[in-house]
Amino acid sequence: MKSIVLLSGGLDSLVSLGIKRDELKIELALTFDYGQKSLEKEIQASEKICKFYNINHKIIKLDWLKQITTTSLVSSTDVPTGDELKNNVESAKKVWIPNRNGLFLNIAGCYADAQNYDYILIGANREEAQTFPDNSQEFIDSINKEFEKSTLKHPKVVAPLINYDKNDIVKVALAYKVPLELTMSCYQGAEGHCGICESCLRLKHALEYNNAQKYIAELFK
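Basis of the calculations
Residues numbered from 1 in each chain as written. Predicted model: local features only at pLDDT ≥ 70, side-chain atom pairs only at ≥ 80, totals over all residues. Heavy atoms only, no water. Buried < 20%, exposed > 50% of the residue type's maximum accessible area, 1.4 Å probe, protein only. Helix = DSSP H or I, 4+ residues; strand = E, 2+ residues; numbered from the N terminus. Contact = heavy atoms within 4.5 Å. Phe/Tyr/Trp six-rings, centres within 6.5 Å; stacked < 30°, edge-to-face > 60°. Lys NZ or Arg CZ within 6 Å of the ring centre and 35° of its normal.

1. Quick look at helix 1 (residues 11-20)
- Among the ten residues in helix 1, ten count as buried, and that is most of the element.
- For helix 1, the full list of buried residues reads L11, D12, S13, L14, V15, S16, L17, G18, I19 and K20.

Structure follows, in structure tokens:
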């Protein structure tokens, strides 16, 4: 048995890797370059995480994906912050990348089919499923059903955090001693965590909830 993890360097993918590394024998991490503002930081964080867990790391370039979307993760448009985040539907649209998780999982499915991987891990979770449907259990189930017909290996997509919100995710990370100091969850391209985008705020609030002051001080300097 061996597995692949989709790794952005963010909280969810890091914790998924950290809590399932040994059980599912994760050997390969895939990080995707689709022209996102945070690309350099994502790669740096993912490389550090892979070094910590001693797993192989591949960066997959998807230049064309940036060309077909104008959403704020890849364009000059500012990512939603402040009052903009109060409207979940509109803020989600501004950071939506067309079929991103579907595409990423199908690429991972190619690796699994060609190189005999049994599982593919993704950091989908209950909290983000409320605004991003490609984080839901229904989405995971549909991809697994697809792989029954589109692959010979029939790899299984696993989302170990699917029933967790961010508070739960940080709690389990602390219990498993996952190296949260290595995470990079910011949507922005500047150095460090901006502390005001949606992804940063979700992380910071969860750390505060779990009294993880050490990581707040380290990640939000």
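2. Points about the environment of L62
- When you line up the elements, L62 lands in the loop between strand 3 (56-61) and helix 3 (63-67).
- Taking relative accessible area as the criterion, L62 reaches 5% and is therefore assigned buried.
- Setting aside residues up to four positions removed in sequence, L62 forms contacts with F32, D33, Y34, L103, F104 and I107.

3. Details of the packing of aromatic side chains
- The tally for this structure, following the rule as stated, stands at four aromatic pairs.
- With a centroid separation of 5.9 Å and 45 degrees between ring planes, the pair formed by Y34 and F104 is classed as tilted. Of this pair, Y34 sits in the loop between strand 2 (26-33) and helix 2 (39-53) while F104 sits in helix 5 (residues 100-115), and the two are 70 residues apart along the sequence. Both residues of the pair, Y34 and F104, count as buried.
- Their ring planes at 10 degrees and their centres at 6.5 Å tell us that W96 and F132 sit as a pair that is stacked. Remark: F132 occurs in the loop between helix 6 (126-129) and helix 7 (137-150) and W96 occurs in the loop between helix 4 (88-94) and helix 5; sequence separation between them is 36 residues.
- Ring-pair connections join several aromatic residues into one group, and the members of that group are F32, Y34 and F104.
- Its guanidinium or amino end placed over the ring of Y117, K2 lies 4.5 Å from that ring's centre, counting from NZ or CZ.
- Here K204 stacks its cationic end above the ring of F220, 5.6 Å away from the centre of that ring.

4. Quick word on the environment of L121
- Structurally, L121 is set in strand 4 (residues 119-121).
- On the accessibility criterion, L121 (0% relative accessible area) is buried.
- The sequence separation of L121 and V172 amounts to 51 residues, and the corresponding C-alpha distance is 17 Å.
- Excluding residues within four positions of it along the chain, L121 makes contact with S3, I4, V5, L6, S16, K20, L24, I26, V158 and P160.

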